[in-house]
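# Structural characterization, general
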Amino acid sequence: MATRDNNISEYRPGVLRREQLKLLVEKDIISGYPEPPEKIGLSSIDLHLGNQIWVMHGGIKGNRDESYGEILKSNKYVDNSNELSDGFDLEPGQTYVVELQEKYKIDKELHLYGLATGKSTIGRLDVLTRLIADHSDFYDELPCPQICKDQNLKGKVINLYVEITPITFKIRIKKGIKLNQLRFFSGSASLSLLSNHHYRYYGALLKGMRNKSVQPEQFDYLSVDITHTNICSNEKASAYKAINNVKYVIDLSAPKGKYNPKDFWKPISFDEDGNTIRIEQNDFYIIRSKERLCLPGDIAVYGQA
């Protein structure tokens, strides 16, 4: 992770941690964050939905030459717009764009890269989320320092949006909900990539079956475990398959425990003759891995599909 909290421009390459992210908020490099700075995560900052939502004809990526707000003015891409107010229902298979409360101010002294990921709780509901930023050529990325220089964006405030596509479930959102998160890197994110020969410096990062350490040269993938396991209430299952229950709308702001998992998930078992699970087209499954991540407290990682 990056160090030296007193001067952002002197951070060494790495992922910014909580105290450094708090400094970005205090200096208005990230503005509009609606919660106390203490709510910022250990290595990422949650992004909060604003009040404006657009119903899209499909996913539309931004580009470096214009703000995304200009794209949203076109009837070519947008069906209609609404306010979230107290809630708005999102239909499976339909794409939406929602403005975010946070904004990003480009500082000429800094060489920060921002990469976003969906929150794991949202991914488990089969909801696709992608960050869109003004003047960025890519989903899930803030405009990089070179683009900022080429486009003369120094000092410009960048608006942020999230593109949302539910796949399996109908969901309800409202202003303030957090669907994705943003990590900041000092220097290019590529400088923070770990290759296999780096892993040996961090101990046993990955453990396999029977708690056995996995060797660094075997870190290229995670494998799935489809054996029967007691997952909850002494119910044995190999995996879970989503039930497309159209009579329910999942309110993402609902308190924990409001919904019965059995209304949305069906336990499935492997075929003992072939030791396999049959995966049906267009269905959504959750399958556990054989391996477990065991991370030191000073390491922040995320896995790529």
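Details of the structure are given in the entry above.
Keep in mind it's a predicted model, so treat the numbers as computed, not measured.

### Looking at the sheet that holds strand β10 (residues 171–173)
The strand order across the open sheet built from three strands is β5-β10-β16, with neighbouring strands paired in mixed fashion. Edge strands, defined here as strands with exactly one partner in the open sheet, are β5 (88–90) and β16 (250–251). Here two bridges tie β10 to β16, and the two strands are oriented parallel to one another. Residue pairing for β16: Ile171 is matched across the bridge by Ile250.

### What to know about unusual backbone geometry
Negative phi is the rule for most residues except glycine; trans is the rule for most peptide bonds. Positioned with a positive phi, Asn152 is a non-glycine residue whose angle comes to about 55°. Tracing the backbone shows Asn152 in the loop between α4 (145–150) and β9 (157–166). Taking the relative accessible area as the measure of exposure, Asn152 reaches 64% and is therefore exposed. Backbone geometry places Asn282, a non-glycine residue, at a positive phi of 75°. Note on placement: Asn282 falls in the loop between β17 (265–268) and β18 (285–286). By relative accessible area, Asn282 is classed as exposed at 72%.

### A word on a nonpolar patch on the surface
Where nonpolar side chains cluster on the molecular surface, the patch consists of Leu194, Tyr201, Tyr202, Leu293, Leu295 and Val301 and spans about 570 Å² of accessible area. Classification of Leu295 as partly exposed rests on a relative accessible area of 38%.

### A look at the side chain of Ser136
For Ser136, the location among the structural elements is in the loop between β8 (127–133) and α4. Within polar-contact distance, the side chain of Ser136 engages the backbone oxygen of Glu141 at 2.8 Å. Once you skip the residues sitting within four places of it in the chain, Ser136 turns out to touch Gly62, Asn63, Arg64, Glu141, Leu142 and Pro143.

### What about the environment of Ser223?
Along the polypeptide, Ser223 turns up in the loop between β12 (206–207) and β13 (229–232). Here the alpha-carbon distance between Ser223 and Arg288, two residues 65 residues apart in the chain, equals 8.7 Å. Look past the residues within four positions of Ser223 in its chain and what remains in contact with it is Arg288, Ser289, Lys290 and Glu291. At 2.6 Å, the side chain of Ser223 and the side chain of Glu291 are in polar contact.

### Describing the packing of aromatic side chains
Enumeration according to the criterion identifies nine aromatic pairs in this entry. Ring plane angle 70° and centroid distance 6.1 Å describe the contact between Trp54 and Tyr161, whose orientation is recorded as edge-to-face. Residue Trp54 is located in strand β3 (residues 45–56), and its partner Tyr161 is located in strand β9; the two are separated by 107 residues in the primary sequence. Like Tyr161, Trp54 is buried. Aromatic pair Phe169 and Trp265: ring centres 5.9 Å apart, planes at 70°, arrangement edge-to-face. Of this pair, Phe169 sits in the loop between β9 and β10 while Trp265 is found in strand β17, placing the two residues 96 residues apart along the sequence. When its relative accessible area of 4% is taken as the criterion, Phe169 is described as buried.

### As for the nonpolar core
Residues Leu49, Tyr104, Ile173 and Phe184 are the most contacted members of the largest nonpolar core, which totals 52 residues. The element best represented in this core is β3, accounting for five residues. Excluding residues within four positions of it along the chain, Ile173 makes contact with Leu49, Ile53, Leu84, Gly87, Phe88, Leu90, Val98, Ile164 and Leu252. Counting residues in hydrophobic clusters, the runner-up holds eleven residues, among them Trp54, Ile60, Val78 and Tyr139.

### Some remarks on the sheet that holds β17
Pairing within the open sheet is antiparallel, and its three strands lie in the order β17-β15-β18. The outermost strands of the open sheet, each flanked by one partner alone, are β17 and β18. By the bridge criterion, two bridges tie strand β15 (residues 239–242) to β18 in an arrangement that is antiparallel. Each residue of the ladder has a partner; that of Lys241, found in β18, is Tyr285.

### Notes on the pattern of salt bridges
When the charged atoms of two side chains with opposite charge come close together, those side chains can pair. Taken as a whole and judged by the stated rule, the model has eleven salt bridges. Close ionic contact of Glu91 with Lys170 constitutes a salt bridge, the shortest N to O distance being 3.0 Å. Pair noted here: Glu91 is in the loop between β5 and β6 (96–105) and Lys170 is in the loop between β9 and β10, with a separation of 79 residues, a long-range link. Overall, the relative accessible area of 36% leaves Glu91 in the partly exposed class. By relative accessible area, Lys170 is classed as partly exposed at 24%.

Each value, and the rule that gives it
Residues numbered from 1 in each chain as written. Predicted model: local features only at pLDDT ≥ 70, side-chain atom pairs only at ≥ 80, totals over all residues. Heavy atoms only, no water. Pairing = 2+ DSSP bridges. Helix = DSSP H or I, 4+ residues; strand = E, 2+ residues; numbered from the N terminus. Buried < 20%, exposed > 50% of the residue type's maximum accessible area, 1.4 Å probe, protein only. Patch = residues over 30% accessible without salt bridge, like charges linked within 9 Å, V, L, I, M, F, W, Y side chains within 5 Å. Areas by Shrake-Rupley, 256 points an atom, 1.4 Å probe, with all protein chains shown as cover. Salt bridge = Lys/Arg side-chain N within 4 Å of Asp/Glu carboxyl O. Polar contact = N/O pair within 3.5 Å; in protein donor to acceptor, adjacent residues only side chain to side chain. Contact = heavy atoms within 4.5 Å. Phe/Tyr/Trp six-rings, centres within 6.5 Å; stacked < 30°, edge-to-face > 60°. Core = buried A, V, L, I, M, F, W, Y, C linked by side-chain atoms within 4.5 Å.

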